[in-house]
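Per-entry structural report
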Amino acid sequence: MKRKLIAAVGVAAMMTGIAACGGDSGDNASKDPKDRTESLTVWLMVDAQSTWPELVKDVNAQFKKKYPKVKVDVQYQQWADKAKKLDTALGGDKFPDVVELGNTETMQYILNGALAEIDPAKYDNSDTWIKGLKDTCTFEGKQFCVPYYAGARVALYNKDMFKKGTGSDALPETEAEMLTALDKVSAEYNKKDKRFSSLYLPGRYWYAAMSYVAGYGGSIAEYDEGAKEWKGNLFSAESQKGIEHFVNLVKKYNKADLTKDEQDHANVMANEKAALIYGNGWEAGSVVDGANNGNPKLEGKIGTAGMPGPNGKALPSFIGGSDLAVTAKSKVTDLGEEWVSLFTSEKSQEVLTSKNILPNNEKQLEPLKAKPETAAVANAVPDAWFTPIAPGWTSIEKEEVLENMLLEILKGTSVADAAKTADEKINELINK
């Protein structure tokens with residue numbers, strides 16, 4: 001799930017605030033649970049309010065049974081302004097005790113000292129937590145958040161368009177077969193609409209570009225053990241092959257504005273201007289959701305499948321999802337830990353899987369790999385890639401480096417020159 005980071009408050013300012021307030025539950029932790037009278041503030045994203053409100057209600061009921069006098073205040077946040085609100089809150093005296101973070105956000109707050117360390121042993125199925133999520137909560141061997149749910153990108157395609165163009169409403173399993181099918185779909189639909197894209201792949205879609213990089217064995221950056229620092233790796237032969245492959249697909253199949261990112265690609269498919277997009281599994285619902293600019297007429301016509309990648313393998317997906325953390329400033333860290341434990345328990349994760357939301361652990365993910373509605377995205381999770389787990393990869397500047405690199409190549413700069421320049425910029429930024 002793409003959630004670009006908003007600039008955080010200064011590290012020094014946040015660390016000063018945290019040091020002043022501390023994060024100790026103090027003598028209250030030794031009290032009988034029925035005598036505890038504190039308040040616990042929880043920030044969850046609006047997804048929980050709209051899609052699994054019964055889970056929140058049930059967990060609060062379980063918590064209240066043990067702590068009848070503790071007030072739990074769940075406040076729902078929007079992704080667009082959550083980071084800015086959280087930064088402001090952590091700099092003041094009214095802040096959440098528990099907060100949901102997108103997995104691309106966690107390192108920023110770990111490094112700022114804003115999150116309390118947690119003990120994985122207190123949480124169900126922590127021994128099988130999905131690696132891509134666990135890694136986003138880990139720094140220098142310590143754990144600072146709990147995986148909540150996972151997400152991955154898959155192929156979303158219009159079954160009717162593929163059937164009309166190829167005679168089959170199934171997405172081919174290999175990339176070579178898929179490209180042949182796309183050529184046929186293009187020939188069929190470009191007769192009437194020159195702006196129709198059989199594959200709508202925006203030029204600035206760096207998540208997709210880096211998936212092709214991963215597919216060739218490359219990466220954004222690698223850790224140099226000898227130098228004890230991260231170094232850009234886009235100039236490597238493997239990474240360049242992936243970048244070039246992505247750009248060639250964009251140039252051949254995207255008949256719309258090549259300079260856009262993927263933010264509106266579900267809407268492009270809803271308007272029947274694309275036969276195939278590469279997106280988050282949940283975006284299949286967005287395509288047909290009339291309340292959010294989708295097209296209800298496409299209900300039942302949007303299929304999902306693993307995206308075929310180079311060399312006869314599936315295209316590696318970026319691992320998306322959310323984590324839950326207890327803030328270091330909290331005066332009730334033990335209560336926060338217990339609430340998170342209940343909210344991420346095996347029982348709670350069952351509620352998510354019943355709604356086709358990917359759980360935080362491999363054990364409960366396994367049945368979803370065979371379920372038609374979730375097979376594509378569930379199978380994409382175990383081998384998914386993530387951005388560098390590096391102290392410096394916490395700013396929107398790094399994403400802009402990748403987007404600008406792709407735009408320069410689309411304008412005519414060679415892959416090698418653009419990748420070399422991107423590596424130089426990454427090296428300047430990533431080890432700050």
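Whatever comes next refers back to the structure up there.
Residues numbered from 1 in each chain as written. Predicted model: local features only at pLDDT ≥ 70, side-chain atom pairs only at ≥ 80, totals over all residues. Heavy atoms only, no water.

1. Quick word on the sheet that holds strand S6 (residues 146-151)
Just so we agree on the cut-off: Any two strands with at least two DSSP bridges between them are considered paired. Per the convention used, a helix needs a DSSP run of H or I reaching at least four residues, while a strand needs a run of E reaching at least two, with both numbered from the N terminus. Interaxial angle, 0 to 180 degrees, is taken between N-to-C directions of lines fitted to C-alpha atoms, where a helix line uses only the stretch in contact. Contacts are assigned to residue pairs that have any heavy atoms within 4.5 Å of one another.
Within the open sheet, the five strands sit side by side as S2-S1-S3-S13-S6. Their pairing is mixed. Bordering the open sheet on either side are strand S2 (71-77) and S6, each of which pairs with just one other strand. In this sheet, neighbouring strand axes are inclined to one another by 20° on average, regardless of whether the strands run parallel or antiparallel. On the sheet, helix H3 (residues 53-66) packs against strand S1 (39-45) and S2 and is oriented at approximately 160° with respect to S2. Contacts from helix H4 (residues 79-90) reach S1, S2, strand S3 (98-102), S6 and strand S13 (320-326) within the one sheet, and its direction differs from that of S3 by about 135°.

2. Observations concerning the packing of helix H10 (residues 237-253) against helix H17 (residues 396-411)
Stated precisely, the cut-off is as follows: Each angle receives one of four descriptions, namely roughly parallel if under 35 degrees, roughly antiparallel if over 145, roughly perpendicular if within 65 to 115, and oblique otherwise. If you view the pair so one helix is near and one far, a crossing is left-handed when the near helix is turned anticlockwise from the far one by less than a right angle, and right-handed when it is turned clockwise.
The contact between H10 and H17 brings their axes to 11 Å, and the two run at 60°. Relative to H17, H10 is oriented oblique. Our pair here, H10 against H17, has a crossing hand that is right-handed. Between H10 and H17, the residues in contact are Ile243, Phe246, Val247, Val250 and Lys251 and Met405, Leu406, Ile409 and Leu410, respectively.

3. Concerning the environment of Leu179
You can see Leu179 is positioned in helix H8 (residues 175-189). Sequence-wise, Leu179 and Leu199 are 20 residues apart; in three dimensions their C-alpha atoms are separated by 9.2 Å. Setting aside its immediate chain neighbours within four residues, Leu179 contacts Leu249 and Tyr253.

4. Focus: the nonpolar core
Our working rule: Here, nonpolar core refers to any group of buried Ala, Val, Leu, Ile, Met, Phe, Trp, Tyr and Cys residues whose side-chain atoms link them within 4.5 Å. Throughout this description, buried means an accessible area under 20% of the type-specific maximum (1.4 Å probe, protein chains only), exposed means over 50%, and partly exposed covers the range between.
With 54 residues, the main nonpolar core has Met210, Ile243, Phe246 and Leu276 as its most contacted residues. Breaking this core down by element, the ones donating at least two residues are strand S7 (153-158), helix H7 (159-166), H8, helix H9 (206-215), H10, strand S11 (274-280), H17 and helix H18 (415-430). Leaving out residues up to four positions away in the same chain, Ile243 has contacts with Val213, Leu234, Met405, Leu406, Ile409, Val415 and Ala419. The next biggest cluster of nonpolar side chains, apart from the first, holds 30 residues, and it includes Leu44, Phe63, Trp129 and Val146.

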